[in-house]
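# A look at the structure
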Amino acid sequence: MSDNKADNSGPDVSCNVLCHLLPQLLPCEAAVILETGSAPIILSCSPDHEKAFTAPFLLEALTLSTARLSAEGGVEAGLFPESVNGFRSWASKPIGSKDGHKVLVLCLNSSTEPFPSPALTRLATLTANTTSSDTRKKSGQTRSVSRISDLARYLDTRISPSEISSSTPLALLRLDLGKIVPINDRDGWPASDALIDRAHTLIREFVPAHCFTVHLGGGSFAIVLPVEKDVSEAETLAEALVRRMQGDVIAPKDGFPFEPYIGWACYPFDAPDANTLIGFANAALARIRGLRAGPHINRVAPEIAHAHADEIGMESDLRQALIDNAFTLNWLPVLETGTEHVVTFEALVRWKRPNHGDVEPSQFLRCAELAGLIEDIDSWVLHTACHQAQNWKEPLGLSVNVSPSWLATERVATTIRSALETSGLDPLRLQIEFSEKSDFGSLDIARKELARIRGMGVRLILDDFGTGFGALERLTNYPFDQVKLDRSFVRRVGVDSRVETVLRCTLYMIHALNMTCCAEGVETEEQLGFLEAHGCEEIQGYLIGQPTLRQPDSRAD
């Protein structure tokens, strides 16, 4: 069988291509390739970051880093002691040498959390083709290194930038092994490497000779299939490959199952160019990766492509929005059931993205979490809301949502204190909501940070109660003053007797713990009557008012 796979005898790979693709495939926010030595220089950098760094400054920041760790393949990771052009965490790997000096690939994230284990696993085998084939043979290296740029080069030479009709349709299949990270964490690098080697051999032997296959690093592979008759050929190949890999289950003493997932897209039907094709195949894979009960094969759909297009550049736009103060606040009233008076307004952040329009809060806040920007956005909301509430005619309560994800930084209490001091708002008017859906991090750190907040006189609320995995754990471990029942329960009042029983018991438990209760999403009088009859002190929802830009009258009105 003729082997149309990536080989090791071609010219050296462009560092520019590697820097362009690393953020997508690791993933990370930026990549830099450095040549070290007495006069270090930057060989390449991710787009939009070309002027952000100098080589000596980066190398000095690396030497001062904290939380350092080392992994196989020369991979190292850590945290910068201070922000480096907005980046806080890094991971690196030597990828060869040039003129006797080490060449280093450096991956950067703005998150204050270290690079996760899956990223380090993948980076351990991601490298440019800077080492000659002779050197690799002498060192006994049998599995080819990652060929990310080979994939891009292959697609670029077969996709015409000018005329779609002049190019043969190509299907890109992105395959990931779902077992790599847990096997690596539990059984070590040798076990996961053996699984990758076994998968690599199987894929190369199984796919047709006219396909192009490439190992992208870790448990990630790509297969490019020239479509001869119909796009369904790609689906057929994917199904056959998954069946073959799922059937290759070896006894635990000899190895591990592959658990393959394939996301794919086809040029020109799904994507107009090589970069979009890679992005769409990755997006399709991301939708199913790790789903034990779901499909193992997924073609990019219009909604996936639309979401992927929306997410491209969102982080950059969010950073600019923070600089420009481009966010706004909507206000949602909270009604006290006993008096039927509005007692509190909840501040809800909104964002109109340039050239995109209004973005769903869940979408841009998720992006902010991943990009490490959530602390900055929460801080903006806290300071802005406190300043506006201080000017209201009536001393109504103010409720602000804060992500539990940055409790671990131990800066939440300090930020709240700053907002209160600069605005002059009475702490007794402020309440902070933490979503039960999110991870609170270390129990000890979160408990101490919440105690500091409560010590100021600020009330603590557990939001979205009943939708996460640790509802009761949250109630027993943290000092909350109020619980907010998620709207998913409230909307079934009057429809589902089992839900009503759960709500009655939940309200009893909350009161027994000396906490009050607020119900979200109340839309009917029947729902209000049920909640009021069972002691729910506060409600919010469309029955009393929708989120609006209009806030309570100020003293200047």
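Description of the structure in this document. These figures come from a predicted structure and were not determined experimentally.

What counts and how
Residues numbered from 1 in each chain as written. Predicted model: local features only at pLDDT ≥ 70, side-chain atom pairs only at ≥ 80, totals over all residues. Heavy atoms only, no water. Helix = DSSP H or I, 4+ residues; strand = E, 2+ residues; numbered from the N terminus. Buried < 20%, exposed > 50% of the residue type's maximum accessible area, 1.4 Å probe, protein only. Contact = heavy atoms within 4.5 Å. Areas by Shrake-Rupley, 256 points an atom, 1.4 Å probe, with all protein chains shown as cover. Pairing = 2+ DSSP bridges. Axes fitted to C-alpha atoms, helices over the stretch in contact; angles between N-to-C directions. Parallel < 35°, antiparallel > 145°, perpendicular 65-115°, else oblique. Nonpolar A, V, L, I, M, F, W, Y, C, P; charged D, E, K, R; others polar. Expected span 1.5 Å × (residues − 1). Polar contact = N/O pair within 3.5 Å; in protein donor to acceptor, adjacent residues only side chain to side chain. Core = buried A, V, L, I, M, F, W, Y, C linked by side-chain atoms within 4.5 Å. Phe/Tyr/Trp six-rings, centres within 6.5 Å; stacked < 30°, edge-to-face > 60°. Lys, Arg positive; Asp, Glu negative; His and termini not counted. Salt bridge = Lys/Arg side-chain N within 4 Å of Asp/Glu carboxyl O.

### What to know about the overall build of the chain
Of regular secondary structure, the chain possesses 19 helices and 20 strands. A burial count over the chain gives 51% of its 557 residues as buried. Within the chain, counting contacts between residues at least 6 apart in sequence, those at least 24 apart form 66% of the total. For the chain, the accessible area works out to roughly 25,300 Å², and carbon and sulfur atoms hold 52% of it.

### Remarks on unusual backbone geometry
Backbone torsion omega between Tyr267 and Pro268 reads 5°, so that peptide bond is classified as cis. Note that Pro268 resides in the loop between strand S10 (260-267) and helix H9 (274-288). The phi dihedral of Glu410 is positive, around 60°, even though this residue is not glycine. As for its placement among the helices and strands, Glu410 is situated in the loop between strand S15 (397-401) and helix H14 (412-423). We classify Glu410 as partly exposed; its relative accessible area is 36%. Phi is positive for Asn514, which is not a glycine, with a value near 60°. Topologically, Asn514 is positioned in the loop between helix H18 (497-512) and strand S19 (516-519). For Asn514, a relative accessible area of 72% translates into the label exposed.

### With respect to the sheet that holds strand S11 (residues 297-299)
Two strands in a sheet stick together by hydrogen bonds in their backbones, pointing the same way (parallel) or opposite ways (antiparallel). Spatial ordering of the open sheet is given by S8-S9-S7-S10-S11, a layout of 5 strands whose pairing is mixed. Among the strands making up the open sheet, the edge pair consists of strand S8 (212-217) and S11. For this sheet the average axis-to-axis angle between neighbouring strands, irrespective of direction, equals 20°. Strand direction decides the pairing type here: S10 and S11, joined by 3 bridges, are parallel. Residue pairing across strands places Ile262 opposite Ile297, the latter belonging to S11. Taken strand by strand, H9 contacts strand S7 (170-177), S10 and S11, and its axis lies near 150° from that of S10.

### Some details on the packing of helix H11 (residues 314-324) against helix H12 (residues 361-371)
The geometry of H11 relative to H12 is characterised by a closest axis approach of 10 Å and an angle of 90° between their N-to-C directions. The orientation of H11 with respect to H12, classified from their angle, is roughly perpendicular. Residue-level inspection shows Met314, Glu315, Leu318 and Arg319 of H11 in contact with H12, the latter providing Gln363, Phe364, Cys367, Ala368 and Ala371. Classifying every residue of the contact of H11 with H12 by side-chain character gives 6 nonpolar, 1 polar and 2 charged.

### Notes on H9
Across its 15 residues, H9 extends 22 Å between first and last C-alpha, which sits within 8% of the 21 Å expected from 1.5 Å per residue. Of all the 15 residues making up H9, 11 are buried; the element is thus mostly covered by neighbouring parts of the structure. Residues Ala274, Leu277, Ile278, Gly279, Phe280, Ala281, Asn282, Ala283, Ala284, Leu285 and Ile288 constitute the buried set of H9. N-capping of H9 is provided by Asp273, with a side-chain oxygen placed 3.3 Å from the backbone N of Asn275.

### Quick look at the environment of Gly279
For Gly279, the location among the structural elements is in helix H9. We classify Gly279 as buried; its relative accessible area is 1%.

### Notes on helix H13 (residues 374-390)
Between its first and last C-alpha, H13 extends 24 Å over 17 residues, near the 24 Å set by a 1.5 Å rise per residue. The set of residues buried in H13 consists of Ile374, Glu375, Ile377, Asp378, Trp380, Val381, Leu382, Thr384, Ala385, Cys386 and Ala389.

### Focus on the nonpolar core
In terms of nonpolar packing, the biggest core is built from 71 residues, with Leu318, Phe327, Leu398, Ile416, Leu430, Ile432 and Phe434 touching the most fellow members. Examining the composition of this core, we find that 8 residues originate from one element, H13, more than from any other. In terms of nonpolar packing, the next biggest core, distinct from the first, is built from 48 residues, Ala31, Ile33, Val103 and Ala265 among them.

### Considerations on the packing of aromatic side chains
As enumerated under the stated definition, the model contains 11 aromatic pairs in all. Seen from their ring centres, Phe434 and Phe440 are 6.3 Å apart, and the 55° between their planes marks the pair as tilted. Each member of the pair, Phe434 as well as Phe440, carries the same accessibility label: buried. Members of the aromatic cluster, each reached through a chain of ring pairs, are Phe327, Trp351, Phe364 and Trp380.

### Notes on the side chain of Asp486
With respect to the helices and strands, the residue Asp486 is situated in the loop between strand S18 (482-485) and helix H17 (487-490). Despite its burial, Asp486 pairs with no opposite charge; the closest candidate is Lys437, at 4.7 Å N-O. A polar atom in the side chain of Asp486 sits 2.7 Å from the side chain of Ser488. The residues touching Asp486, leaving out its near neighbours within four places in the chain, are Asp464, Phe465, Thr467 and Glu520.

### Some words on the pattern of salt bridges
Considering all chains together, one arrives at 14 salt bridges under this definition. Put simply, Arg474 and Glu473 hold a salt bridge, and the shortest N to O gap is 2.7 Å. Residues Asp553 and Arg550 are paired through a salt bridge, measuring 3.1 Å at the closest nitrogen-oxygen approach. Here Asp553 falls in the partly exposed class, since its relative accessible area comes to 38%. Judged by relative accessible area, Arg550 falls into the exposed class, the value being 61%. Residues joined in a network through salt bridges with shared partners are Glu29, Glu315 and Arg319.

These figures come from the coordinates and say nothing about function on their own.
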